[in-house]
Amino acid sequence: MGKRSRQRQKNQPAGRDNAGWGAGYADIVKENKLFEHYYKEQGLVPDGEFEQFMQAMREPLPATIRITGYKSHAKEILHCLKDKYFKDIQELDIDGQKMEAPQPLSWYPDEQAWHTNMSRKIIRKSPLLEKFHQFLVSETESGNISRQEAVSMIPPLLLKIESHHKILDMCAAPGSKTAQLIEMLHADMEVPFPEGFVIANDVDNKRCYLLVHQAKRLNSPCIMVVNHDASCIPMLQIYSDGRKDILFYDRILCDVPCSGDGTMRKNIDVWKKWTTSNSLHLHGLQLRIAVRGVEQLAVGGRMVYSTCSLNPIEDEAVIAALLEKSEGALELADSSADLPGLKWMPGVTSWKLMTKDGQWFSDWSEVPGSRQTQIRPTMFPPKDPEKLASMHLERCMRILPHHQNTGGFFVAVLVKKAPMPWNKRYPKLRKDVSSSSAAQTECSPAATTPADAPRLTESAGEEGEGGVAEGKVEEEAPKGASLVQETSAKQEGVCGPPPLKKMRLFGYKEDPFVFLTEDDPVFTTIQSFYDLSPDFPKLNVLTRTHEGKKRHLYMVSKELRNVLLNNSERMKVINTGVKVWSRNSDGEEFGCAFRLAQEGIYTLQPYIRSRMITVSVEDIKVLLTQENPFLSKLEDDAHAQAKKIGMGSIVLKYIPNPNNPAEPQCPIQLCGWRGKTSIRAFVPRNERFHYLRMLGVEVFRDKQGLGQKQRDGKKEEVEDGVEEGAVENEGELDLENGDENVSSEPKTGGDKQGTSS
């Protein structure tokens, strides 16, 4: 077998690896006559611009980056980018192409998003851009920068998120938009636990772990990743005012699976795979997901529907069908003034269908019976001109690639004015939800009449401001339909339904999420060692094991705890919580078996009242560039504080001085370890590099990865081994649990160090 394989490789012509950059794509011709014919006929591109549109589609997509907005370090990163890296890039000439200085996206707030004419391939491969590429990779791993396509940044901005909003991201992987949602929740860094939260869902179990990896970089206690089919994602319950209520979301992001013809600039294979049947196959799923979304949306809430497709069958047709089903409960919001500077085309009110063999249909009545399973009535524009005008489809936004050198995209903002009609059409049977399993509903009635699918009622009079029903939940009881809840068979006039099937779970079996009680023994030493404030929310602390020693402790917000405790049988949770403590068995002799974790330090620090050392810029440089500096290496003030603290885990805190603008103007908090005569920072490698850059120390790894070159104002070189050794203790994140792959706790080992790992 191996011999034949090697023989085949010998006979193959030189491939991508041997023929220079981009040679692997040489055989993909960026032509698709069916695509051109289809979009010319649809008339989506303004007159006289079609050639520009096609030319832009064939060009590589520019590289775009977004600075994470919720971290107080955003301004410092922006300053670093402008002063160091963007200046170096100007006037560069690479392979005959002149590099332009990166420019801020005009429509993104506060210069937090930038684009350049350099493609991702050039940034990755060019030796002249090696330093800039390393900066991007390192800061991305730290969660301070996101390399995200420009148009994909639009939907979260249109949601208008506030810190108290309950948010559902229905099709979240790979997670760049989810990261934006989390950032917006944490706009005020002074609040460690915002009232709102993000539940990020994806149907693909493996992609959920990619989603976890993206979300974990932001170290938020307000994110939960779940694994469900978005078209029938379960209704959740929460405990409120002494009773169980249905959870309705204030904001929903519905970025549905699509044919992706707006991504041709980066996904080259779409050119040869594109056909009109792609959109016909996806339309039904997109509509089912959208219907399920608006069912779970609170009255007064906003849902953004988006695709990276330009096709009206996946765009306006879905919106029109949704508005028609809603019977006035939904309306399209006018978002024309929300993103000044963004160029977009209004939604269309007429479109046609084409089969892959070139046959056109303008109306459902024209479709022959043999095709009526593939082509559905909801794919066509509404016939009634008055109804069509009342939908205001022109409020939808289509972004064309040639207008601002982006990908193609479609987005629509829906506002819910009243409960969905199928939730209130029939006489209801009032039941107390606390004795029901009301949240386990069937799939959405997107392709059926509302009568076919009983639903939990969202009575307008019973929904509070937060979108959660107050009092009891009403359920419809149409003739012949069984109630979607458990009832007593003995109850007069009510027939008991068959028992609910247990939810089938696929993929990796997750460890449990076990919340600690207030009197859990682990808190005894933690409370005294770190002198936690009385308002520390002990009930929000969880672990991932029922038995044995607790290896790591995590924290979630109070609201997510409520969701977790009341829906364990209803949903498959992949990950939640931010790690705040890790077990360090050698620490017991110093008074506490748990050391602080850097991931959760910004969440935990407001509650810690002891074991803190206030450090200066010079102190941080020493701590981040030397593995185990002696206490005497610290400046006098920090040295005096350190001498008063016993051995064990500590917080190193930098407070900015507004009178010295040359220093970082944002707070910095690091986890550390106070040894017998030395001190050490426990910070992951990329975060270490991030803080050093903020302090003016340039960090650069040479091409072979042989060492770190760092230069501060004196261009002083720091030993290679120092940096590598100093960061290995934190290890890499385990994508499944957010744990470290390798336990690397500080151990006491001799008089000098006291901290070697």
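None of the values given here were measured: they were computed from a predicted structure.

About the thresholds
- Counting from 1, residues in each chain are numbered in the order their sequence is written.
- Given that the model is predicted, a residue must reach a pLDDT of at least 70 before its local features are reported, and side-chain atom pairs must reach 80 or more before they are shown or counted; all residues, however, enter totals for whole chains, interfaces and linings.
- As a rule here, side-chain values cover all heavy atoms of the structure and leave hydrogens and water aside.
- The nonpolar core is taken to be a set of buried Ala, Val, Leu, Ile, Met, Phe, Trp, Tyr and Cys residues, with the residues joined through side-chain atoms within 4.5 Å.
- Burial classes: relative accessible area under 20% of the type maximum marks a residue as buried, over 50% as exposed, and values in between as partly exposed (1.4 Å probe, protein chains only).
- Note on contacts: a residue pair is in contact if any heavy atoms of the two residues lie within 4.5 Å.
- Strand pairing is defined by DSSP finding a minimum of two bridges between the two strands.
- Secondary structure counts use DSSP, requiring at least four H or I residues in a row for a helix and at least two E residues in a row for a strand, with both numbered from the N terminus.
- Between the N-to-C directions of two axes lies an angle of 0 to 180 degrees, each axis being a line fitted to C-alpha atoms and, for a helix, fitted only over the stretch in contact.
- By convention in these notes, a salt bridge is any Lys or Arg side-chain nitrogen within 4 Å of a carboxyl oxygen on Asp or Glu.
- When the strands point away from the viewer and the connection leading from the first strand across the helix to the second strand turns clockwise, the crossover is called right-handed.
- By definition in this entry, angles of less than 35 degrees are roughly parallel, angles greater than 145 are roughly antiparallel, angles of 65 to 115 are roughly perpendicular, and the rest are oblique.
- A crossing counts as left-handed when the near helix is turned anticlockwise from the far one by less than a right angle, and as right-handed when that turn is clockwise.
- The residue classification treats Ala, Val, Leu, Ile, Met, Phe, Trp, Tyr, Cys and Pro as nonpolar and Asp, Glu, Lys and Arg as charged. All others, Gly included, are polar.
- Classification of ring pairs rests on two measures: the distance between centres of Phe, Tyr or Trp rings, Trp counted by its six-membered ring, which must be within 6.5 Å, and the angle between planes, read as stacked under 30 degrees, edge-to-face over 60 and tilted in between.
- Two conditions define a charge located above a ring, namely a distance within 6 Å from the ring centre to NZ of Lys or CZ of Arg, and an angle within 35 degrees of the ring normal.
- Site definitions follow a grid-based scheme: protein atoms alone, a 1 Å grid, a 1.4 Å probe that fits but cannot get out for cavities, and for pockets an open set with protein on both sides within 12 Å along at least five of seven lines, plus lining residues having an atom within 4 Å of a point.
- Grid points are joined across faces, edges and corners, and a volume is the space filled by probe spheres set on the points.
- Two N or O atoms form a polar contact when they lie within 3.5 Å of each other; inside protein one atom must be a possible hydrogen donor and the other a possible acceptor, and for residues adjacent in sequence the pair counts only when both atoms belong to side chains.
- Summarising the geometry, the arc corresponds to the directions from the helix axis toward the C-beta atoms.
- Confidence of the prediction at every residue is given by pLDDT, a number between 0 and 100.

Asks: What should I look at first to understand the nonpolar core in this one?
Replies: As a rule of thumb, nonpolar side chains are buried together in soluble globular proteins. Ranked by internal contacts, the top residues of the largest apolar core, which has 123 residues, are Trp107, Ile199 and Ile319. Not counting the four nearest positions on each side in its chain, isoleucine 199 is found in contact with Ile167, Leu168, Asp169, Met224, Val226, Leu236, Leu247, Tyr249 and Val563. Listed in part, the 28 residues of the second largest apolar core include Leu532, Val580, Phe590 and Ala593.

Asks: Is there a simple way to think about the sheet that holds strand S30 (residues 668–674) in this case?
Replies: Two modes of strand pairing occur in sheets, parallel and antiparallel, and in both the strands are linked by backbone hydrogen bonds. Judged by pairing direction, the sheet is mixed, and its 4 strands sit side by side in the order S28-S29-S30-S31 without closing on themselves. Because the sheet does not close on itself, it has two edges, and the strands there are strand S28 (612–614) and strand S31 (679–681). Each strand axis lies, on average, 35 degrees off the axis of its neighbour in the sheet, ignoring direction. Pairing of S30 with S31 involves 3 bridges; the strand directions are antiparallel. Paired with tryptophan 673 across the strands is arginine 680, a residue of S31. Strands in contact with helix H19 (residues 636–643) are S28 and S30; relative to S28, the strand with the most contacts, it is inclined by about 165 degrees.

Asks: Just checking my understanding: could you explain the pattern of salt bridges for this structure?
Replies: Pairs may arise between side chains of opposite charge once their charged atoms sit close together. If you walk through the whole model with that rule in mind, you get 25 salt bridges. In this structure, glutamate 31 and lysine 33 form a salt bridge, with 3.9 Å as the shortest nitrogen-oxygen distance. The class of glutamate 31 is partly exposed, set by a relative accessible area of 38%. Here lysine 33 falls in the exposed class, since its relative accessible area comes to 62%. Between glutamate 627 and arginine 680 there is a salt bridge, with its nearest N and O atoms 3.9 Å apart. Within this pair, whereas glutamate 627 is found in the loop between helix H18 (617–625) and H19, its partner arginine 680 is found in strand S31, the two being separated by 53 residues in sequence. Relative accessible area serves as the criterion here: at 31%, glutamate 627 is assigned to the partly exposed category. Each member of the salt-bridge network shares a partner with another, and the members are Glu31, Lys33, Glu36 and Arg58.

Asks: How should the pairing of strand S7 (residues 166–169) be read in this particular structure?
Replies: Across a regular strand the side chains alternate sides, sitting on one face of the sheet and then on the other. Of the two faces of S7, both are covered, the one formed by Lys166 and Leu168 as well as the one formed by Ile167 and Asp169. Here S7 pairs with strand S8 (residues 197–201) via 4 bridges, running parallel. Bridge assignment links aspartate 169 to a residue of S8, and that residue is alanine 200. Regarding the hand of the β-α-β motif, the stretch spanning S7, helix H8 (residues 176–185) and S8 is right-handed. Note that S7 and strand S12 (residues 249–255) share 3 bridges and pair parallel. The residue of S12 that forms the bridge with aspartate 169 is leucine 253.

Asks: Help me out: how do you make sense of the environment of valine 270 in this one?
Replies: Residue placement: valine 270 occurs in helix H10 (residues 270–273). Spatially, the C-alpha atoms of valine 270 and glycine 260 are 7.5 Å apart, while their sequence positions differ by 10 residues. Apart from the residues within four sequence positions on either side, valine 270 is in contact with Gly260, Asp261, Thr263 and Met264.

Asks: How should the sheet that holds strand S23 (residues 541–543) be read in this particular structure?
Replies: Here we have 5 strands laid out as an open sheet, ordered S22-S23-S24-S26-S27, and antiparallel in their pairing. Each edge of the sheet is formed by a strand with only one pairing partner; in this case those strands are strand S22 (514–515) and strand S27 (594–596). Of the pairings in the sheet, the one linking S23 to strand S24 (residues 552–555) comprises 2 bridges and is antiparallel in character. Residue pairing across strands places valine 541 opposite methionine 555, the latter belonging to S24.

Asks: What am I meant to see in the packing of helix H11 (residues 277–295) against helix H12 (residues 316–326) here?
Replies: Running from amino to carboxyl end, H11 crosses H12 at an angle of 45 degrees, the nearest separation of the two axes being 10 Å. Relative to H12, the element H11 is oriented oblique. You can see that H11 and H12 cross each other, and the crossing is right-handed. Packed against H11, whose contacting residues are His283, Gln286, Leu287, Ala290, Val291 and Val294, the element H12 presents Ala317, Val318, Ala321, Leu322 and Lys325 at the interface. Within the contact of H11 with H12, the residues separate by chemical class into 8 nonpolar, 2 polar and 1 charged.

Asks: What is the right way to look at the packing of aromatic side chains in this model?
Replies: Pairs of aromatic rings are described using the distance from one ring centre to the other and the angle between the two planes. Under the definition given, this model contains 19 aromatic pairs. When the ring centre of phenylalanine 682 is taken as origin, the NZ or CZ atom of arginine 595, which lies over that ring, is 5.0 Å away.

Asks: Sorry if this is basic, but what is going on with empty space enclosed by the protein here?
Replies: It is the rolling of a water-molecule-sized probe over the atoms that shows where space remains empty. Taken as a whole and assessed by the stated rule, the structure comprises 9 cavities of 30 Å³ or more. Val212, Ala215, Lys216, Asn219, Ser220, Ile223, Val225, Asn575, Thr576, Gly577 and Val578 are the residues that line the largest cavity. Residue assignment for the lining of the largest cavity shows that the elements contributing at least two residues are helix H9 (205–216), strand S9 (223–226) and strand S25 (573–576). Looking at the lining of the largest cavity, the element that brings in the most residues is H9, giving 3 residues. When its residues are assigned to classes, the lining of the largest cavity shows 5 nonpolar, 5 polar and 1 charged.

Asks: Explain the side chain of serine 335 here, please?
Replies: Within the fold, serine 335 resides in the loop between strand S14 (330–332) and strand S15 (345–346). In this structure, serine 335 is in contact with Leu158, Arg302, Met397 and Val413, ignoring residues within four places of it in sequence.

Asks: Help me out: how do you make sense of the environment of isoleucine 601 in this one?
Replies: Note on placement: isoleucine 601 falls in helix H17 (residues 601–604). Residue classification places isoleucine 601 among the buried residues on the basis of a relative accessible area of 0%. Apart from residues lying up to four places away in sequence, isoleucine 601 is in contact with Leu596, Val651, Gln669 and Cys671.

Asks: Teacher, can you tell me more about the packing of H18 against helix H20 (residues 685–694) here?
Replies: Relative placement of two packed helices is described by the angle separating their axes and the distance separating the axes. The contact between H18 and H20 brings their axes to 10 Å, and the two run at 150 degrees. By the angle between their axes, H18 is roughly antiparallel relative to H20. Handedness of the H18/H20 crossing: left-handed. For the pair H18 and H20, the contacting residues are Leu623, Leu624 and Thr625 in the first and Arg688, Tyr691 and Leu692 in the second. Partitioned by chemical class, the residues of the contact of H18 with H20 number 4 nonpolar, 1 polar and 1 charged.

Asks: For this particular structure, what's the right way to read the side chain of serine 533?
Replies: If you trace the backbone, serine 533 turns up in the loop between helix H15 (522–530) and S23. Overall, serine 533 belongs to the buried group, its relative accessible area being 10%. Within the structure, serine 533 has its side chain in polar contact with the side chain of aspartate 535 (distance 2.5 Å). Apart from the residues lying within four places of it in its own chain, the contact partners of serine 533 are Tyr607 and Arg609.

Asks: How should I be thinking about helix H2 (residues 33–42) in this particular structure?
Replies: An α-helix turns once per 3.6 residues; consequently, residues spaced three or four apart project the same way. Taken as a whole, H2 has its buried residues at Phe35, Glu36, Tyr38, Tyr39 and Gln42. All buried residues of H2 fall inside an arc of 165 degrees around its axis, so they share one side. Away from the buried face of H2 by more than 90 degrees, exposed residues Lys33 and Lys40 are located. Turning to H2, the residues buried within the fold contact helix H3 (50–58), strand S16 (353–354) and strand S17 (360–361). Residue asparagine 32 occupies the N-cap position of H2, its side-chain oxygen lying 3.2 Å from the main-chain nitrogen of leucine 34. Positive phi appears at glycine 43, one or two residues downstream of H2, with a value of about 70 degrees.

Asks: Honestly, the confidence of the model for the chain in this entry has me stumped. Any pointers?
Replies: In low-pLDDT segments, the atomic positions of the prediction should not be examined closely. When pLDDT is averaged along the chain, the result is 79, and 77% of the positions lie at 70 or above. In this model, residues 1–6 is a region of pLDDT below 50 whose contacts with residues beyond four sequence positions or in other chains number 0 contacts. For the stretch residues 426–498, pLDDT sits under 50, and the model shows 172 contacts to residues farther than four places along the chain or on other chains.

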